[in-house]
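# Structural characterization, general
Here is what each chain is made of, one letter per residue.
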Amino acid sequence: MSAVNLPSNYLPILVFFFIALAFGVVTILMGYLVRPKRPYLEKLHAYESGILPDTDARMQFPFRYYLIAMLFVLFDIEMVFLYPWAVSFNKLGLFGLIEMVLFLLILFVGYFYAWRKGALEWD
Amino acid sequence: MIPLSYYIVVSTTMFVVGLVGILIRKNFLIILFSIELMLNAANINLVAFSHYSGKVDGQVMSIFIIAVAAAEAAIGLAIIIILFRGKATTNVDEMDLMKW
Amino acid sequence: MAAQLLFFYFGGVTIAGAIVAVTSRNIVYSALSLLVAFIHIAGIYVLLNAEFIAAVQILVYAGAILVLYLFVLMLFNPSEEKLYLHKQAKVGIFLGVVVLFMMLFAGYKTEIIGKGGPLTAQAVKEMGHTRVIGNALFTDYLFPFEVASLILLVAMFGAIVLAGRGVHRKKGPAGRIDLSYRDKLPKKSSETPEEVIVGR
């Protein structure tokens, strides 16, 4: 059981991770070493196409984003339940189909409620 | 081979960090973050026990916990938005309308 | 050995991220270090051979729930807080340390008693983790599964009822300066009126 504990097919992800990390570090380090450093106030401003920035970078978002994000999260969970169902569908058969249809029907009630309430409309 | 107790130490520490976070912070959102931390600590425990006992029940439960956490985040944030509209603050101590 | 090293990395970064999330003054830093902690928890799940749970952790926690939190953060226009600790902070930390030692004392020696189930790591690997989860979820846990859909439904209703007020109203986004009132003003007022903040 000891050797099984480490899934070996995750090695490419590890290698990829280190390559990505090295790329970022090397790029920033090279730029830091090579570039001339003559900072002054205008240069240190946030870049906004040459216009002086007059507000904070973190502006307030419209409130409507929250409802969209919330609906996304809840239907994301629905997807999480759908995936193992799809994988073991052959074993579950008709019974599995019925229970998943029930699950989806309950969630579609919420979907139509959101639709009727206008939570999906932007304007 | 990692002993089971290592996972228990990690999950216990995370749970206590979440608990302390709820107790010491004033900000609403941090309190919700702490609740998420505690749920995740429970998840680590469930998955670890499930792995070491050779049954899958704990992992199924952890999926349910993730679903409940999503529902909790949606509702909790809606409540925060309502309170923020009324009071324009995120400090929990100022939400004392119901206090005598 | 490599597994142990990976475990110490994932566990250590998870706990460090959790501590930074709880203690940071800037709430955006908190949210992002929480993201780090969640991703490393997915690494712990991979070490436990729970690959599907790891994927769900990254998809749902890191991809969806934290994005929801960040959206709400942006609604609040966050800034650093001066007095960010509650007045009961010292008592809270003391209690936390006490509870930590109690729980560690109680839980450290935990072992699985009795015969293990059939799904050892090798068996899970042969069947595929997602299939194992699916078989258990849709047979033994049928009723909790349907109840989960009800929980999601109630969450959807609740969030729309609580936060969805004024979804239909024609209104500029909160906090923005709305200049459309100028068209409605009578012509004679020549001086520019004060800017009106719409919303909230």
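Turning our attention to the overall build of chain A. Each helix and strand in chain A was counted, giving 4 helices and 0 strands. Among the 123 residues that make up chain A, the fraction classed as buried is 17%.

With that out of the way, let us pick up the nonpolar core. In terms of nonpolar packing, the biggest core is built from 105 residues, with Val73 of chain A, Ala70 and Ala74 of chain B together with Ile65 of chain C touching the most fellow members. Among the elements that take part in this core, helix H2 (residues 28-53) of chain B stands out by supplying 16 residues, more than any other. With residues up to four places along the chain from it excluded, the contact list for valine 73 of chain A reads Ala70, Ala73 and Ala74 of chain B together with Ala64, Ile65 and Leu68 of chain C.

Further remarks concern the interface of chain B and chain C. Taken together, the contacts link 59 residues of chain B with 72 residues of chain C. Mapped onto the side of chain B that touches chain C, the elements with two or more residues apiece are helix H1 (4-24), H2 and helix H3 (57-87) of chain B. Looking at the side of chain B that touches chain C element by element, the count peaks at 23 residues for H3 of chain B. Broken down by class, the residue content of the side of chain B that touches chain C amounts to 41 nonpolar, 13 polar and 5 charged.

Our focus in this paragraph is the interface of chain A and chain B. Facing the 8 residues of chain A at the interface are 9 residues of chain B. Among the residues making up the side of chain A that touches chain B, the classes are represented as 6 nonpolar, 2 polar and no charged.

This part is about helix H2 (residues 27-47) of chain C. Taking 1.5 Å as the rise per residue, H2 of chain C with 21 residues should run 30 Å; its terminal C-alpha atoms sit 31 Å apart, in good agreement. Looking one or two residues past H2 of chain C, asparagine 49 of chain C carries a phi angle of roughly 60°, positive in sign.

The next point concerns the domain arrangement of chain C. All names here are of chain C. Assigned domains within chain C: domain 1 (1-79) and domain 2 (120-165). With centres defined by C-alpha atoms, the gap from domain 1 to domain 2 works out at 21 Å. Facing 4 residues of domain 1, the contacting portion of domain 2 comprises 6 residues. Here the side of domain 1 that touches domain 2 is built from residues that sort into 2 nonpolar, 1 polar and 1 charged.

This brings us to the packing of H3 of chain B against helix H3 (residues 51-76) of chain C. Where H3 of chain B contacts H3 of chain C, the axes come no closer than 11 Å and their chain directions differ by 5°. If you check the angle between H3 of chain B and H3 of chain C, you find them roughly parallel. Contact residues: Gln59, Ser62, Ile63, Ile66, Ala69, Ala70, Ala73, Leu77, Ile80, Ile81 and Phe84 of chain B in H3 of chain B; Ile53, Val56, Val60, Ala64, Ile65, Leu68, Tyr69, Val72, Leu75 and Phe76 of chain C in H3 of chain C.

All names here are of chain C. Scored by pLDDT, chain C has a mean of 80; 78% of the residues are at 70 or more. At the level of individual helices and strands, chain C shows its lowest average pLDDT in helix H8 (residues 181-184), which scores 56, and its highest in H2, which scores 92. Between residues 167-177, whose pLDDT stays under 50, and residues either more than four places distant or in other chains, the model counts 24 contacts. Considering only residues more than four positions removed or in separate chains, one finds that residues 188-197, a stretch of pLDDT under 50, has 5 contacts. Interface confidence in the predicted complex, given as ipTM, is 0.91; pTM for the same model is 0.82.

With a phi close to 60°, asparagine 49 of chain C is a non-glycine residue in the positive phi region. Relative to the helices and strands, asparagine 49 of chain C is located in the loop between H2 and H3.

What follows is about the environment of histidine 129 of chain C. On the secondary structure map, histidine 129 of chain C appears in helix H6 (residues 129-137). Here the alpha-carbon distance between histidine 129 of chain C and aspartate 140 of chain C, two residues 11 residues apart in the chain, equals 16 Å.

Attention now goes to the packing of H2 of chain B against H2 of chain C. Their axes nearest at 11 Å, the elements H2 of chain B and H2 of chain C cross at an angle of 5°. Comparing their axes, H2 of chain C and H2 of chain B come out roughly parallel. Residues Leu29, Ile30, Phe33, Asn40, Ile44 and Val47 of chain B of H2 of chain B lie in contact with H2 of chain C, whose contacting residues are Ile27, Ser30, Leu34, Phe38, Ile41, Ile44 and Tyr45 of chain C. The residue inventory of the contact of H2 of chain B with H2 of chain C, partitioned by class, reads 11 nonpolar, 2 polar and no charged.

Basis of the calculations
- Residues numbered from 1 in each chain as written.
- Chains lettered and ligands numbered in written order.
- Predicted model: local features only at pLDDT ≥ 70, side-chain atom pairs only at ≥ 80, totals over all residues.
- Helix = DSSP H or I, 4+ residues; strand = E, 2+ residues; numbered from the N terminus.
- Buried ≥ 20, exposed ≤ 12 C-beta atoms within 10 Å, placed from the backbone.
- Core = buried A, V, L, I, M, F, W, Y, C linked by C-beta atoms within 7 Å.
- Contact = placed C-beta atoms within 7 Å.
- Nonpolar A, V, L, I, M, F, W, Y, C, P; charged D, E, K, R; others polar.
- Expected span 1.5 Å × (residues − 1).
- Domains from an automatic or database assignment.
- Axes fitted to C-alpha atoms, helices over the stretch in contact; angles between N-to-C directions.
- Parallel < 35°, antiparallel > 145°, perpendicular 65-115°, else oblique.
- pLDDT = per-residue confidence, 0-100.

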